[in-house]
Amino acid sequence: MNPGGGNVVRPDRRHGGFAAFVVHRVSGIVLALFLPMHFLALGLALDGAGSLDGLLAFAELPLVKASEWALVLLLTIHLVFGLRVLTLEFLPWRGARKHWIGWGAGLALAAGAVFLFGVA
Amino acid sequence: METRLFALQRLSAMLLAPLVLVHLALILYAVRGGLTAEEILGRTQGSIGWALFYGIFVLAAAVHAPIGVRNVLREWTAWRGTSLDGAMLLLSAILMATGLRAVWAVVV
Amino acid sequence: MGDTDHHLQVAIWRGAGEGRFVDYEVPARDSQTVLDVVTWVQRHREPALAYRFACRVGVCGSCAMTVNGRPRWTCRTHVRKVAGDGRLTIEPLRNLPRIKDLACDMTPFFEKWQRAGGRFKGSAPRGAAIPRLDPASPERRAADAAIECINCAVCYSACDTVTWSPDYLGPAALNRAWTLVNDARHGERARVLDAVESAGGCHSCHTHGSCVETCPVELNPTASIAGLKRRTLRRLLPGGGA
């Protein structure tokens, strides 16, 4: 990928904006992969409540619950970091709004905590 | 075309923001005490409101996600050109079809 | 802090596209810039080392190189700021073809500058009266905020989207385009917008902000590109104009 080629030193990307971008992009990919499965799962209701209940019982498994927790986190973070991008692109520039990154992560963890509290 | 795709992606994002907030709030509320099909369907069946809410949600997501995935593939893989664009249209169609089917499943 | 007893461990890229890092031990000094380090190596260890510099005082941008993974003006980078553990890795700017050692080929950078519509073309004939421009107008303020770019290519090297999308015009070219879009005297503003709307244009920017982090003149290409995004969207509307 580097037009220079050869043994290049990895770029130093340690700044908030780039971290936010990576998290935003990876969460988007995971959500995009999850979405069709989510739709198909809900579609089980076409066979009546029993089918959907079967899946929901499976979803009580700890590993599945953990994945659901992760999805709540990823959805929240994708939303907040997406709002940050929209703000930077469409509203008057007032700095890179870096604090949104920390607060966004915090909000996602809070949503995750509420979720865990609810399912515990 | 890039401007149009950009516009669609950002517009769908703006539409999705409040929908996602409502959906998250609903998830956090509904999972308490365990989730059953009865509880979900009891809320959504016969409801025009939820039909509209989730119908719009599905359509917006079916626009937003493929455009985003297209960016990722163009930058992080060697795939580009009309075949990629075609694949993204296909992804959009799949999301729309499975999504609207799901809405139908819980509303009707 | 000690003087000649301390040494820096410096790895410098030797070669071009193919090459390797060569290690040098360089005496540490109290007030030492990375350019001082490179110069010492060339004078005392490696006469054939190729590198660029000119003013040495942080106004020309010629000495830009990658230092410990970040693009910087080496004459303006104190060793103490980047080599806390006494180690330096120096290579040429990222995203540009390598000519030799620390010198890279700036041609693609300037080609993209042109491609983004950076060349000014007056809209009035020579004999016309000098146009009155209000420096406080929003357009002029937008242009002035971005106009100090000296094309050092640090932002271009910092940008990962440039690395991942070879046709991406890059922060500097788009920043320049933004100044012209806001210049009432420019006769080809619509053409600039056409150029930045194409594939590899402003819509490829994902707002990482690496350009803002690294610009030695403290410019904000991300904001300029956001301005271009809004302008191009406006064109989609009926009556959106140029």
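Residues numbered from 1 in each chain as written. Chains lettered and ligands numbered in written order. Predicted model: local features only at pLDDT ≥ 70, side-chain atom pairs only at ≥ 80, totals over all residues.

Within chain C, the secondary structure is distributed over 10 helices and 7 strands. Across its three principal directions, the C-alpha atoms of chain C cover 70 × 35 × 30 Å. Of all 242 residues assigned to chain C, the portion counted as buried reaches 46%. By sequence separation, contacts in chain C at least 24 residues apart represent 64% of the contacts at least 6 residues apart. (Helix = DSSP H or I, 4+ residues; strand = E, 2+ residues; numbered from the N terminus. Buried ≥ 20, exposed ≤ 12 C-beta atoms within 10 Å, placed from the backbone. Contact = placed C-beta atoms within 7 Å.)

Core analysis: the largest hydrophobic core is formed by 67 residues, its most contacted members being Ile-90, Ala-153, Leu-174 and Ala-177 of chain C. Here this core gets 7 residues from one element, more than from any other, and that element is helix H7 (residues 171–181) of chain C. Residue assignment places this core across two domains, with domain 1 (7–104) and domain 2 (107–236) of chain C each supplying three or more. Once residues within four sequence positions are removed from consideration, Ala-153 of chain C is found in contact with Ala-64, Leu-93, Leu-96, Met-106, Phe-109 and Ala-172 of chain C. Membership of the second largest hydrophobic core comes to 38 residues, among which are Ala-20 and Leu-74 of chain A together with Val-103 and Ala-105 of chain B. (Core = buried A, V, L, I, M, F, W, Y, C linked by C-beta atoms within 7 Å. Domains from an automatic or database assignment.)

Facing 28 residues of chain A, the contacting portion of chain B comprises 28 residues. Counting only elements with at least two residues in the side of chain A that touches chain B, the list comes to helix H1 (16–43), helix H2 (49–58), helix H3 (62–90) and helix H4 (99–119) of chain A. It is H1 of chain A that contributes the most residues to the side of chain A that touches chain B, 10 residues altogether. In the side of chain A that touches chain B, the residues fall into 21 nonpolar, 5 polar and 2 charged. (Nonpolar A, V, L, I, M, F, W, Y, C, P; charged D, E, K, R; others polar.)

With that out of the way, let us pick up the confidence of the model for chain B. The pLDDT averaged across chain B works out to 94; a share of 100% of its residues lies at or above 70. Averaged pLDDT values over the elements of chain B bottom out at 87 in helix H2 (residues 37–44) of chain B and peak at 97 in helix H3 (residues 48–76) of chain B. (pLDDT = per-residue confidence, 0-100.)

This part covers the confidence of the model for chain C. On average, residues of chain C score 94 in pLDDT, and 97% of them reach the 70 mark or higher. For this predicted complex, the interface confidence reaches an ipTM of 0.93, while the overall pTM sits at 0.93.

Now for the interface of chain B and chain C. Note: interface size is frequently given as the accessible area lost on complex formation between the parts. Every contact between the two is made by 7 residues of chain B and, on the other side, 11 residues of chain C. At the level of elements, helix H1 (2–30) and H3 of chain B are the ones that each hand at least two residues to the side of chain B that touches chain C. With 4 residues, H1 of chain B is the largest single contributor of residues to the side of chain B that touches chain C. Considering only residue class, the side of chain B that touches chain C consists of 3 nonpolar, 1 polar and 3 charged.

With that settled, consider the pairing of strand E3 (residues 64–67) of chain C. Along a regular strand, successive side chains alternate from one face of the sheet to the other. All names here are of chain C. Here E3 shows two buried faces, one formed by Ala-64 and Thr-66 and the other by Met-65 and Val-67. Sheet topology places E3 next to strand E4 (residues 70–73); 4 bridges connect them, and they run antiparallel. From the neighbouring strand, Ala-64 faces E4, where its bridge partner is Trp-73. (Pairing = 2+ DSSP bridges.)

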